[in-house]
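Close look at the chain arrangement
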Amino acid sequence: MTEERGVIASLALHAVLEPIFKELETEDHNLASVQTLRSAFTKAEKSHPGLTQQFLAGILDAEGVALNLSETLLRLAATECEEYIIVCDIEEFQQLQQKAIVLKLKLSRIPDQIQDRSAFLQTIRDIASAIKDVLDAVNELSRKHQDLPKMAEYKRSLDNHKKVFVRSSRSFSDTLKKYFKDGRAENVFVSANRLINHTNTLLSTYKAIGS
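What this report covers is the structure whose coordinates are included nearby. As a convention, each chain's residues are numbered from 1 in the sequence order in which they are written. Where totals are concerned, whole chains, interfaces and linings use all residues; where local detail is concerned, this predicted model gives features only for residues with pLDDT of at least 70, and gives and counts side-chain atom pairs only at 80 or more. Excluding hydrogens and water, the side-chain figures rest on all heavy atoms present in the structure.

A closer look at the pattern of salt bridges
Salt bridge, as applied in this entry: a Lys or Arg side-chain nitrogen positioned within 4 Å of an Asp or Glu carboxyl oxygen. Per the stated rule, a full pass over the model turns up 11 salt bridges. The partner of Arg38 in a salt bridge is Glu18, with the nearest N and O atoms 3.0 Å apart. Pair noted here: Arg38 is in helix H2 (residues 31-47) and Glu18 is in helix H1 (residues 11-26), with a separation of 20 residues, a long-range link. Across the salt bridge formed by Arg75 and Asp112, the nearest N and O atoms sit 2.7 Å from each other. Pair noted here: Arg75 is in helix H4 (residues 69-75) and Asp112 is in helix H6 (residues 110-113), with a separation of 37 residues, a long-range link. Burial status follows relative accessibility: with a 1.4 Å probe on protein chains alone, a residue under 20% of its type maximum counts as buried, one over 50% as exposed, and anything between as partly exposed. By relative accessible area, which is 56% here, Asp112 ends up exposed. Taken together, the salt bridges that share partners define one network made up of Glu92, Glu140, Arg143 and Lys144. Secondary structure is summarised from DSSP: a helix means a run of H or I of at least four residues, a strand means a run of E of at least two, and numbering begins at the N terminus for each.

A closer look at the nonpolar core
Judged by nonpolar contacts, the single largest core of 55 residues is most densely connected at Leu96, Leu107, Ile110, Phe172 and Tyr206. If you tally residues by element for this core, the top one is helix H9 (residues 185-210), at 11 residues. In this analysis, two residues are considered to be in contact whenever any of their non-hydrogen atoms come within 4.5 Å of each other. Excluding residues that lie within four positions of it along the chain, Tyr206 makes contacts with Ile86, Phe93, Leu96, Val138, Leu141, Ser142, Met151 and Leu158. Take the buried Ala, Val, Leu, Ile, Met, Phe, Trp, Tyr and Cys residues and link them wherever side-chain atoms come within 4.5 Å; each set so joined is a nonpolar core.

Just distances and angles here, no functional claims.
Structure (structure tokens):
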């Protein structure tokens with residue numbers, strides 16, 4: 001089905017492993033082997049979302065590396081990944097791209113600001129505003145460009161991704177409320193990463209529509 005062609009959003013895959021694959025391709029390695037490995041991870045991530053992160057966590061644990069992977073991935077949220085860059089030059093597509101970049105940048109600052117209550121509260125307000133901007137951009141794009149050839153083709157998928165994005169935003173808000181009661185920053189990192197992945201899913205879908 002066409003709607004299944006979209007990129008599976010995964011910071012672990014696209015911000016961590018993909019640069020490694022690209023580096024291997026530029027070195028004296030078997031290109032076919034690298035492409036096979038990339039394809040294997042992509043298919044595995046599509047079948048089992050989150051598998052790449054679990055894989056990386058397993059390696060770190062086996063090597064005895066003390067690293068908070070959720071926090072590290074969150075810091076990488078604003079990293080430019082080709083998979084999430086909309087190349088269509090239509091104004092509304094680019095507006096969505098820019099609004100999403102701002103949202104991810106705000107979210108990526110959480111680890112540095114979460115211990116500073118005043119700064120963190122401002123970041124939360126900025127994130128709430130950025131979420132609204134992304135939703136407004138999605139609605140504006142859909143309203144103005146229903147006639148694009150692939151828009152109808154992806155309509156059901158887009159409707160679903162938008163609903164998931166909204167649910168993820170609400171879940172993030174609920175997690176923040178709990179954080180101010182229990183102080184569990186890890187839950188905030190995980191929830192923020194989930195919101196980022198759903199933002200990237202929207203971007204990758206609109207990228208496919210605009211291509």
